[in-house]
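Residue-level listing of the chains:
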Amino acid sequence: MAGFSSIIGHEQIKEHLQNAISMDKISHAYIFHGPDKSGKMALAKSFAMALQCQQHGTEGCMECLSCRQALAGTHPDIIYLQHGKPNTISVDDIRTQVNNTVGMKPYAFPYKIYIIDEAEKMNQQAQNALLKTIEEPPAYAVILLLTNNADTFLPTILSRCITLNLKVVPDEKIRAFLMEKYQIPDYKADICTAFAQGNVGKAIQLAESEDFNEIKNSALQLLKRIKEIELYELMEAVKQIGEYKLEINDYFDIMMIWYRDVIFYKATSDVNRLIFKDEVYNIKKQASKSSYEGIETIIKALEKAKRRLNANVNFELTMELLLLTIKEN
């Protein structure tokens, strides 16, 4: 983490926060709203570091005592809420870490900043407890709520916070960043960028992932052979996919991009804009054998399977139905 200038995209949010600093119009509560790994934490940390910087600029200087402590995660006046239970931020978490400490003045810096990650996990009692602080905060208090689902917040919390919605980052920015920072070849940058769908954190995760190539190869092998294989082999494939349960959405995204390549090639005969450029032969073959309706049916089935697994429907059953739909179309 190294300040606003190192964050890819989110120009409007960075400008908003830096203007607030330069005009000394800091709100007491902000909501950073966007998907996982979209840059919420990087923005919150950069904002906190700039607010506390002893050089008083709109960007942390990285060198003063305050910035060094912020970078090391040891800053006494930048507090990260810890929650005891994995899926809940309880009223006790808020009371002990925020309400009971917010009255104590900052140790040595202008602000006392609370960063609450995964704030959608606050139950109603926790939100009501936090509301007391947001309604009557000390002048030095700043509360940053990071969430992928602001709909879970009470309307009273939403009305008292400034909400900053993180938008997707353009593909060309992500692609250039990956090639420069991670030294990966263009074809791999293309695939990571396509998958990330504007989410820089996800693009970085894929660029660094050891498993990603394995998952990609497994998915493509299955798709290339699915018309020929027998039903019992499909069941084996389901078992194999089960090993990737944690990354199953990545597995589905690979399938989705494959079929989008097929439909794109079928419609345009243009190989230059395919994502899986190294699979041109198989994409051409699939496009010649498939109908537009068939591919649309498969893409819809993939979206449905994704929704089912997110709703905890039986894994094997969901995968069987999906693979049979792909086989039949």
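Residues numbered from 1 in each chain as written. Predicted model: local features only at pLDDT ≥ 70, side-chain atom pairs only at ≥ 80, totals over all residues. Heavy atoms only, no water.

## So, helix α1 (residues 11-22)
Over its twelve residues, α1 extends 16 Å from the first C-alpha to the last, a length consistent with the 16 Å expected when each residue adds 1.5 Å. Where α1 is buried, its residues meet β1 (29-33), α2 (40-52) and β5 (162-165). Just beyond α1, the residue with positive phi is Asp24, at close to 55°. (Helix = DSSP H or I, 4+ residues; strand = E, 2+ residues; numbered from the N terminus. Expected span 1.5 Å × (residues − 1). Contact = heavy atoms within 4.5 Å.)

## Concerning unusual backbone geometry
One non-glycine residue with positive phi stands out, namely Asp24, at about 55°. Counting through the fold element by element, Asp24 comes out in the loop between α1 and β1. According to the relative accessible area criterion, Asp24 is exposed, its value standing at 59%. A positive phi is found at Glu118, a non-glycine position, where the angle reads about 50°. Inspection of the secondary structure assignment puts Glu118 in the loop between β3 (112-116) and α5 (124-135). (Buried < 20%, exposed > 50% of the residue type's maximum accessible area, 1.4 Å probe, protein only.)

## Points about the sheet that holds strand β4 (residues 141-147)
If you walk across this open sheet you meet the five strands as β2-β3-β4-β1-β5, and the pairing is parallel. Since the sheet does not close on itself, it has two edges, and those belong to β2 (78-80) and β5, each with one partner. Within this sheet the neighbouring strands show an average axis-to-axis angle of 20°, counted without direction. Direction of pairing for β1 relative to β4: parallel, over a ladder of five bridges. Its bridge partner being in β4, Phe32 is matched across the sheet by Leu146. Contacts from α1 reach β1 and β5 within the one sheet, and its direction differs from that of β5 by about 150°. (Pairing = 2+ DSSP bridges. Axes fitted to C-alpha atoms, helices over the stretch in contact; angles between N-to-C directions.)

## Considerations on the pattern of salt bridges
The final tally for this structure, using the stated rule, is eleven salt bridges. Notably, a salt bridge pairs Glu233 with Arg225, separated by 3.3 Å at the nearest N-O pair. Overall, the relative accessible area of 27% leaves Glu233 in the partly exposed class. The class of Arg225 is partly exposed, set by a relative accessible area of 40%. Through salt bridges with shared partners, one network takes in Glu11, Lys14 and Lys173. (Salt bridge = Lys/Arg side-chain N within 4 Å of Asp/Glu carboxyl O.)

## Looking at the packing of helix α4 (residues 91-99) against α5
Their axes nearest at 7 Å, the elements α4 and α5 cross at an angle of 20°. Here α4 is positioned roughly parallel relative to α5, judged by the angle of their axes. The handedness of the crossing between α4 and α5 comes out as right-handed. Of α5, the residues touching α4 (which contributes Val91, Ile94, Val98 and Asn99) are Gln125, Ala126, Ala129, Leu130 and Thr133. Partitioned by chemical class, the residues of the contact of α4 with α5 number six nonpolar, three polar and no charged. (Parallel < 35°, antiparallel > 145°, perpendicular 65-115°, else oblique. Left-handed = near helix turned anticlockwise from the far one by under 90°. Nonpolar A, V, L, I, M, F, W, Y, C, P; charged D, E, K, R; others polar.)

## Some remarks on the environment of Glu63
Tracing the backbone through its elements, the reader meets Glu63 in the loop between α2 and α3 (65-72). In the structure, Glu63 is positioned ten residues away from Cys53 in sequence and 9.0 Å away in space, judged by C-alpha atoms.

## Digging into the side chain of Ser46
Take Ser46: it is sitting in helix α2. Looking at Ser46, its side chain comes within polar contact range of the main-chain oxygen of Ala42, at 2.8 Å. (Polar contact = N/O pair within 3.5 Å; in protein donor to acceptor, adjacent residues only side chain to side chain.)

## Quick notes on the packing of aromatic side chains
Taken as a whole and judged by the stated rule, the model has three aromatic pairs. Note on Tyr30 and Phe47: the rings are 5.2 Å apart at their centroids and 80° apart in plane angle, and the pair reads as edge-to-face. Remark: Phe47 occurs in helix α2 and Tyr30 occurs in strand β1; sequence separation between them is 17 residues. Accessibility expressed as a relative area gives 0% for Phe47, which makes it buried. Ring centres of Trp258 and Phe276 lie 6.4 Å apart, and the angle between their planes is 45°; this geometry places the pair in the tilted category. One end of the pair, Trp258, is in helix α12 (residues 248-268); the other, Phe276, is in the loop between α12 and α13 (280-289), with 18 residues separating them in the sequence. Classification of Trp258 by relative accessible area gives buried; the value is 0%. Between the NZ or CZ atom of Lys266 and the centre of the ring of Tyr292, over which it lies, the distance is 5.5 Å. (Phe/Tyr/Trp six-rings, centres within 6.5 Å; stacked < 30°, edge-to-face > 60°. Lys NZ or Arg CZ within 6 Å of the ring centre and 35° of its normal.)

## Considering the environment of Ile184
With respect to the secondary-structure elements, Ile184 resides in the loop between α7 (171-181) and α8 (186-196). For Ile184, a relative accessible area of 11% gives the class buried.

## Things to note about the side chain of Thr147
Tracing the chain through its elements places Thr147 in strand β4. For Thr147, the side chain forms a polar contact with the main-chain nitrogen of Asn149, separated by 2.9 Å. What Thr147 contacts, discounting residues up to four positions off in sequence, is Ile31, Phe32, His33, Gly34, Lys40, Glu120 and Phe153.

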